[in-house]
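Spelled out from the first residue to the last, the chains are:
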Amino acid sequence: TKVGILLSYFQINPNDSVKSKEAYSLLDILQTTHPTQAKASAIYGDFLNRDNKLLEAREKFRQSIQLDKGRYLVWNQVMMLNLQLADFDDLLIESIEAIDLFPSQPSFYYFKSLALSQKQNNKEAIEVLNVMINITFEIIYPIFHLIICF
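All values reported here derive from a predicted model rather than from experimental measurement.

A. Examining the environment of L48 more closely. Within the secondary structure, L48 sits in helix α3 (residues 38-50). For the pair L48 and E59, spaced 11 residues apart in sequence, the C-alpha to C-alpha distance is 9.9 Å.

B. Fine view of the environment of I65. Secondary-structure assignment places I65 in helix α4 (residues 54-67). Given a relative accessible area of 2%, I65 falls into the buried group. Distance in space between the C-alpha atoms of I65 and A42 is 8.4 Å, their sequence separation being 23 residues. I65 has contacts with R71, V74, W75 and V78, leaving out every residue within four places of it along the chain.

C. Representation of the pattern of salt bridges. Scanning the entire structure with this criterion turns up 9 salt bridges. One salt bridge connects K69 with E97, and the closest N-O pair in it is separated by 3.1 Å. In this pair, K69 sits in the loop between α4 and α5 (72-84) while E97 sits in helix α6 (residues 88-101), placing the two residues 28 residues apart along the sequence. The closest approach of N and O atoms between D89 and K119, which form a salt bridge, is 2.5 Å. Separated by 30 residues along the polypeptide, D89 in helix α6 and K119 in the loop between α7 (106-118) and α8 (122-149) bring together distant segments of the chain. Under the relative-accessibility criterion, D89 is labelled partly exposed at 46%. Residue classification places K119 among the partly exposed positions, given a relative accessible area of 40%. The network of salt bridges with shared partners includes R58, E59, R62, D87, D90 and E94.

D. View of the packing of aromatic side chains. Per the counting criterion, the structure on display carries 7 aromatic pairs. Relative to F102, the ring of Y72 has its centre 5.7 Å away and its plane inclined at 75°; by these criteria the two rings are edge-to-face. Taken together, the positions of Y72 in helix α5 and F102 in the loop between α6 and α7 put the pair 30 residues apart, joining distant regions of the chain. Judged by its relative accessible area of 25%, Y72 is partly exposed.

E. Just the side chain of S113, in detail. Looking at the secondary structure, you find S113 in helix α7. The buried category is assigned to S113, whose relative accessible area is 4%. What S113 contacts, discounting residues up to four positions off in sequence, is A125, V128 and L129.

F. Local environment of unusual backbone geometry. For N52, which is not glycine, the phi torsion reads 65° and is therefore positive. For N52, a relative accessible area of 57% translates into the label exposed. Even without glycine at this site, A86 takes up a positive phi of about 55°. Residue placement: A86 occurs in the loop between α5 and α6.

Rules used throughout
- Positions within a chain are numbered from 1, following the residues in the order the chain's sequence is written.
- At least 70 in pLDDT is required for a residue's local features to be given in this predicted model, at least 80 for side-chain atom pairs to be given and counted, and no such filter applies to totals for whole chains, interfaces and linings, which use all residues.
- Side-chain metrics in this entry use all non-hydrogen atoms of the structure; hydrogen atoms and water are not considered.
- Working definition: helices are DSSP H or I runs of at least four residues, strands are E runs of at least two. Numbering for both runs from the N terminus.
- For every residue, the accessible area (1.4 Å probe, protein chains only) is compared with the maximum for its type, and the residue is labelled buried under 20%, exposed over 50%, or partly exposed between those bounds.
- Between two residues, a contact is recorded if the distance between any of their heavy atoms is within 4.5 Å.
- By definition here, a salt bridge exists when the distance from a side-chain nitrogen of Lys or Arg to a carboxyl oxygen of Asp or Glu is within 4 Å.
- A pair of Phe, Tyr and Trp rings is counted when the ring centres sit within 6.5 Å of each other, with Trp represented by its six-membered ring. The angle between the planes then sorts it: under 30 degrees is stacked, over 60 is edge-to-face, the rest tilted.

Below is the structure:
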């Protein structure tokens, strides 16, 4: 498949300029051929992220979630890139949106608390961390209980 071929390029050394050009040509073709498939933008973002093209990677991941908002891992990539780029305004905005979509995922509360903390809104950051702790406890407690029982 097209994705399988691209994944084989992903494992190639990004410093190999010939193979890197081939990979990006294939990514362009994939995205042109399938402009409405979120996976095409996400794969493109993975290559850009691997090659340390952080701004471009974030834009591709954002394109992906515009096409399919239910892609948890892609949202997580956007958050990580916002952190790496020290873009705390976007981290706050996008973490709020991600929490609306994935209210039981603790990581987005963590990202929101980091953004709030960087914006000197420490009281709200602590409140968000407390929500994160409660959610984490709700996830972990049943597992912990099973371990103790067996």
